[in-house]
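# Chain and residue survey
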Amino acid sequence: MSGLRRDLDLAADWVEAYLDGIGDRPVTQDAEPGGIRARLPESPPERGEPFEAMLRDLDEVILPGLSHWNHPRFFAWFANTGSDPGILAELLIAALNVNAMTWESSPAATELEQVTLSWLAQLLGLPADWHGHIEDTASTATVAALAAARTLRPGGAVYASQQANFSVEKAARLVGLEFRPVEVDDAFRMRADFPLDDAAAVVATVGTTGTTSVDPVAELARRCGEAGVWLHVDAAYAGSAAVCPELRWCLDGCDLADSIVVNPHKWLFTPMDCSTMWTRRPEALRAAFGVERDYLVDTEDALDLKNYGPALGRRFRALKLWFVLRWYGADGLRALIREHVRLAQLFASWVDDDPDWEVSAAHPFSTVCFRHRTGDNDAIARAATLTGKLFVAPAQLRGESIIRLAIGNARTTEADVALAWEVLRECARAQ
Ligand code: PLP
């Protein structure tokens, strides 16, 4: 047996054991800053080491210092999934190690990216004729969108909701546009009646980070269309819900926007990182990012994806998205999303039924914001997380402390959500 084959077997055994036992591990722990680093050598080894040595240190030093995002009771931020097809694809991606910077640099990688983006657009009900490609993160996709917008309106401002993810403000800063937060209504939706005179772009959010509220995209698209302002939609989390016809309303109006980002690495069972973006105006992306040198000329009659985003080097992310879409099928994806929405609604009903607790915001997807009416919610969330049985993130909403429970892992069951509720109530009682 070759050395690689032996190590692949070891890695396969490790992955299987890790995933089989993940639910029995503490989701996270109370690590001290610097504690893990102190257990690692200060300098690299002079001689190469066997794979077993790395696996041993992974088990003994690294694992105890990780938050297990693949744990079924990871409910913090937006929970996600390193699914079986995603794990397998990542192995093959590294084995292939192709760079999809130009068509010529690996033709099938570019063409598969086009196919998977077209498949996903069909699943989400997005326009069939838009340009689509993959970025590492929604942060980068939003940088790309705003850089494209700036080619049409240099020097304007970027308007987004006060509830928009901070990646929007960062992207605006990065491309040298001023960021202007817009007030939200009672349902945490961006108001649509702000002046657009000096706007370069508006970013609407479908599924805000705080409460998963959905901005009035159709109304914003109408106004932006009239004013000639770029509308970018950040559907990083909730966009995936549109695979279910009954949830497709969340993307209403997006076909009138200029660009949209959806993160399969959030709620579409694809491991970090994979962020999909589409635009009706690829020529503006090209104006922002197209560049040619004599060492890397463009391919005639083919798509060179280096011209559509900030990065030159591009991982073969399409392979894992392709595997995920094929492994689950549209039916399997819908079933998982529906189950997550069902579990979130069930959890919210338990909160509603308990007079000591209240739901803090509408919860159309798989995330619930809630609070203990009289307790210290920060302390409850922290105490619950310190039990190791679950991981929830505290947050602030309109000056009040709340707790967010975000369901997004394919392994999460009703029993996991019930256990989380039990632990949270115990922690509140123990205060
Ligand atoms: N947009 C929203 C609504 C988010 O919630 C997040 C992250 O949670 C982002 C954008 C940023 O995503 P990424 O980490 O892919 O840059």
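These lines cover the structure that appears in this document, whether it is placed above or below. (Residues numbered from 1 in each chain as written. Predicted model: local features only at pLDDT ≥ 70, side-chain atom pairs only at ≥ 80, totals over all residues. Heavy atoms only, no water.)

### Some details on the overall build of the protein chain
- Looking only at helices and strands, the protein chain has 13 helices and 11 strands in total.
- The C-alpha radius of gyration of the protein chain comes to 23 Å, within 12% of the 22 Å expected for a compact globule of 431 residues.
- For the C-alpha atoms alone, the extent of the protein chain along its principal axes is close to 65 × 60 × 45 Å.
- Counting the 431 residues in the protein chain, one finds 51% classified as buried.
- Of the contacts formed within the protein chain by residues at least 6 apart in sequence, a portion of 73% connects residues at least 24 apart. (Helix = DSSP H or I, 4+ residues; strand = E, 2+ residues; numbered from the N terminus. Rg over C-alpha atoms; globule rule 2.2 N^0.38 Å. Buried < 20%, exposed > 50% of the residue type's maximum accessible area, 1.4 Å probe, protein only. Contact = heavy atoms within 4.5 Å.)

### Focus on the nonpolar core
- Within the largest apolar cluster, 63 residues are counted, with the highest numbers of intra-cluster contacts made by Leu 124, Val 202, Val 206, Leu 231, Leu 251, Ile 260 and Trp 278.
- Secondary structure elements with two or more residues in this core: α5 (107–124), β2 (157–161), β4 (199–205), α8 (217–227), β5 (230–234), β6 (259–262) and α11 (317–353).
- For this core, the leading source of residues is α11, giving nine residues.
- Apart from residues lying up to four places away in sequence, Trp 278 is in contact with Leu 117, Leu 120, Ala 121, Leu 124, Leu 126, Trp 130, His 131, Gly 132, Asp 258, Ser 259, Ile 260 and Val 262.
- Counting 30 residues, the second-largest nonpolar core is a separate cluster that includes Ala 141, Ala 144, Ala 236 and Met 277. (Core = buried A, V, L, I, M, F, W, Y, C linked by side-chain atoms within 4.5 Å.)

### Some thoughts on the packing of helix α4 (residues 84–96) against α11
- Where α4 meets α11, the axes come as close as 8 Å, and the angle between the chain directions of the two elements is 150 degrees. When the axes of α4 and α11 are compared, the pair comes out roughly antiparallel. Of the two possible hands of crossing, α4 and α11 adopt the one that is right-handed. Contacts between α4 and α11 involve Asp 84, Pro 85, Gly 86, Leu 88, Ala 89, Glu 90, Leu 92, Ile 93 and Leu 96 from the former and Leu 319, Lys 320, Phe 323, Val 324, Trp 327 and Tyr 328 from the latter. (Axes fitted to C-alpha atoms, helices over the stretch in contact; angles between N-to-C directions. Parallel < 35°, antiparallel > 145°, perpendicular 65-115°, else oblique. Left-handed = near helix turned anticlockwise from the far one by under 90°.)

This is a description of form; function is not addressed.
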